[in-house]
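Observations on the model geometry
Given next are the chains, with one letter for each unit.
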Amino acid sequence: MADLPDKRTAFMDWYLEVVEASELTDKRYPVKGLNVWTPYGLRARRNLDAVMVREIEATGSRAVEFPALIPATEFAKEKEHIKGFDAQVYWVTKGGTSDLDVPLVLRPTSETAMYPVFALWVRSHRDLPLNVYQIVNTFRYETKTTRPFLRVREIHFFEEHTCQADEAAATERVASNREAFRRMADAFGLPYLAVRRPEWDKFPGAFYSIALDIPVGEGRTLQIGSIHHYRENFARPYGIRYEAADGSQRFVHQTTFGLSERLLGAILAVHGDSKGAVFPTAIAPHEVVIVPIPAAAASASPAEVAADVADRLRRHGVRVHLDDGEERPGAKYYRWELAGVPLRLEIGRREAEGRTATAVDRLGAKGPIALDRLESEVAERLAAFDRALRSRADEAFRSAFSVARSLAELAGSTTVRLVAWCGSEACGRAVESALDGALLGTPEDPLPFEAGTAGPCLGCGARESVRWALAARPL
Ligand code: ZN
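Residues numbered from 1 in each chain as written. Predicted model: local features only at pLDDT ≥ 70, side-chain atom pairs only at ≥ 80, totals over all residues.

1. Some points on the overall build of the protein chain
Across its full length, the protein chain holds 13 helices and 23 strands. Relative to the globule expectation of 23 Å for 475 residues, the C-alpha radius of gyration of the protein chain, 25 Å, shows essentially globular dimensions. For the C-alpha atoms alone, the extent of the protein chain along its principal axes is close to 85 × 55 × 50 Å. Relative to its full complement of 475 residues, the protein chain shows a buried share of 45%. (Helix = DSSP H or I, 4+ residues; strand = E, 2+ residues; numbered from the N terminus. Rg over C-alpha atoms; globule rule 2.2 N^0.38 Å. Buried ≥ 20, exposed ≤ 12 C-beta atoms within 10 Å, placed from the backbone.)

2. Examining the nonpolar core
Core analysis: the biggest nonpolar cluster contains 128 residues, and I267, I290, V309, W421, V431 and A471 have the highest contact counts within it. Contacts of I290, omitting those with residues within four sequence positions, involve A306, V309, A310, V320, L322, D323, L345 and I347. (Core = buried A, V, L, I, M, F, W, Y, C linked by C-beta atoms within 7 Å. Contact = placed C-beta atoms within 7 Å.)

3. A look at the pairing of strand β8 (residues 154-164)
When a strand is regular, its side chains alternate between the sheet's two faces. Taking burial as the measure, the 11 residues of β8 include 10 buried ones, the bulk of the element. Relative to β8, strand β7 (residues 130-139) runs antiparallel, the two being bridged by 10 bridges. Bridge pairing links F139 to E154 in β8. As paired strands, β8 and strand β14 (residues 253-260) are joined by 8 bridges and run antiparallel to one another. The residue of β14 that forms the bridge with Q164 is H253. (Pairing = 2+ DSSP bridges.)

4. Observations regarding unusual backbone geometry
Across the junction of L128 and P129, the peptide omega takes the value -5°, indicating a cis bond. Within the secondary structure layout, P129 lies in the loop between α5 (111-121) and β7.

5. Some words on the environment of E159
Structurally, E159 can be placed in strand β8. Sequence spacing of E159 and I227 is 68 residues, and the spatial spacing of their C-alpha atoms is 9.7 Å.

6. A word on the sheet that holds strand β17 (residues 343-347)
With respect to topology, 5 strands assemble into an open sheet ordered β16-β15-β17-β18-β19, the strand pairing being mixed. Of all strands in the sheet, those with a lone pairing partner are β16 (320-322) and β19 (366-370), marking the two edges. Ignoring strand direction, the axes of neighbouring strands in this sheet form an average angle of 25°. Its contacts with the sheet put helix α9 (residues 302-315) on β15 (288-292), β16, β17 and β18 (356-361), and the angle it makes with β15 is roughly 165°. (Axes fitted to C-alpha atoms, helices over the stretch in contact; angles between N-to-C directions.)

7. So, helix α6 (residues 167-188)
In this model, α6 (22 residues) spans 31 Å end to end at C-alpha, consistent with the 32 Å of a helix rising 1.5 Å per residue. Those residues of α6 not exposed but buried are A170, R173, V174, S176, N177, A180, F181, M184, A185 and F188. Buried residues along α6 sit against α2 (39-57), β8, β10 (208-215), β11 (220-231), β14 and α8 (262-271). G189 sits one or two positions beyond α6 and adopts a positive phi of about 65°. (Expected span 1.5 Å × (residues − 1).)

8. Considering the environment of A300
Mapped onto the elements of the fold, A300 is located in the loop between β15 and α9. Remark: the alpha-carbon pair of A300 and T255, spanning 45 residues in sequence, is separated by 61 Å. What A300 contacts, discounting residues up to four positions off in sequence, is V305, A352 and E353.

9. Looking at helix α13 (residues 425-435)
Of the positions making up α13, those classed as buried are C427, G428, A430, V431, A434 and L435. Taken end-on, α13 shows its buried residues confined to a sector of 155°, consistent with a single buried face. Opposite the packed face of α13, turned more than 90 degrees from it, sit the exposed residues E425, A426 and S433. Tucked inside the fold, the buried residues of α13 contact β21 (416-421), β22 (438-443) and β23 (467-474). In the segment just after α13, D436 is the residue with positive phi, at about 60°. (Arc of directions from axis to C-beta.)

10. Quick look at the domain arrangement of the protein chain
Domain annotation of the protein chain identifies domain 1 (11-271), domain 2 (288-381) and domain 3 (401-474). With centres defined by C-alpha atoms, the gap from domain 2 to domain 3 works out at 50 Å. (Domains from an automatic or database assignment.)

11. Focus on the packing of α9 against helix α12 (residues 374-398)
Running from amino to carboxyl end, α9 crosses α12 at an angle of 70°, the nearest separation of the two axes being 10 Å. One finds that α9 runs roughly perpendicular with respect to α12. Residues V309, R312 and L313 of α9 form the contact with α12, whose own contacting residues are L374, E375 and V378. The class makeup of the residues in the contact of α9 with α12 is 4 nonpolar, no polar and 2 charged. (Parallel < 35°, antiparallel > 145°, perpendicular 65-115°, else oblique. Nonpolar A, V, L, I, M, F, W, Y, C, P; charged D, E, K, R; others polar.)

12. With respect to the packing of α2 against α6
For the pair α2 and α6, interaxial distance at closest approach is 9 Å and the crossing angle is 150°. As far as their axial angle goes, α6 and α2 are roughly antiparallel. Where α2 crosses over α6, the two elements pack in a sense that is right-handed. Together, V51, M52, E55 and I56 of α2 and A180, R183, M184 and A187 of α6 make up the contact between the two elements. Along the lines of polarity and charge, the residues of the contact of α2 with α6 split into 6 nonpolar, no polar and 2 charged. (Left-handed = near helix turned anticlockwise from the far one by under 90°.)

This is how it looks when you write it as structure tokens:
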């Protein structure tokens, strides 16, 4: 097999080849941007979903499912929202051979599907907060080049929608979502920054938007999720109001929290390396692959020991794959490294006779484990692997940023730039054109290194109310 393209200098070529070679998706479906989830890819996605479900339900959110089709009349109620999505929606205009009286939109996101119903569900302050989420497919007519998991037309989408009594409660929900995402990202070993988007780049209809961004090398970033505060912007057109304790009628304040399969792409982008994909154990379709090495005259059969080891680990709740196929062991090692399996157990004559296995993790740590302590040793090695993976990602994260002191320094940036910004759109736009990228906004999390006080503004030279902002070329 030829080497993979260089991740640093040819990121997208590397990415596409890793996705292809690790058989996570089949992109040969006859519509561009609609991908087939293969058994291996679907396992990864379901593991990802399980972490999202666990963490959002820990905050009291409950699962719902709303229809995929939205009447045009509901879709059109919030003006900014429709302006933002108009060019991206698929329309259903016929039922059989007849034109529909009211055309239907295939959901690009579900505000306009849910909110007419929220208006019926929310009556009194006792109905609040309403915190619900769904994991469904959404559809967006993407005109740019599509990329598996990163830019697709049918999106596997996690969306939480909430109704709160007032602005402060909605602000608290935003904080709670940020905390839930921090726990998810910990499970994925993903360093990221929460960034408050500038006015001109917020979600259509939002009061403000916080994006979750990760650097993916060479000064590029990937937005892997977002949390929005809507104030009453949707509650008013959809009539979502309640009777407060004092008897007055009030509009709810709403929030949303969105994530998608892009997270899977982000995990591949951040953790993958020159040997292929690397999955954190929380996501890995197989946490452990077991490779028996046939031996003719062994007193204990490697194949039998391997089958027993697989069985024991499975009963212990570990996701195991026993690769007892015909291929040479070396070809199997290569394949499972490419596919990102965290831990490989090799069992040959020496191991079978000595009641051990040779454990090799995906980052190269290698050593024997005693089968007497199989379950606990495997658990320890997987935990050590996750820690090493996170620490490698943290190191790359820290070196992905640098300060720019002038607009002139921005051209051709190969890191995400920290820029002093006064907050004005004119100065933000000046940064964007100097970089040929985007002003991502102001970080809500501590910066990955000590940058000192920001200022003066790169655009206008102002020294008052200047903050650090991030600028990058979004992928
Ligand atoms: Zn300025």
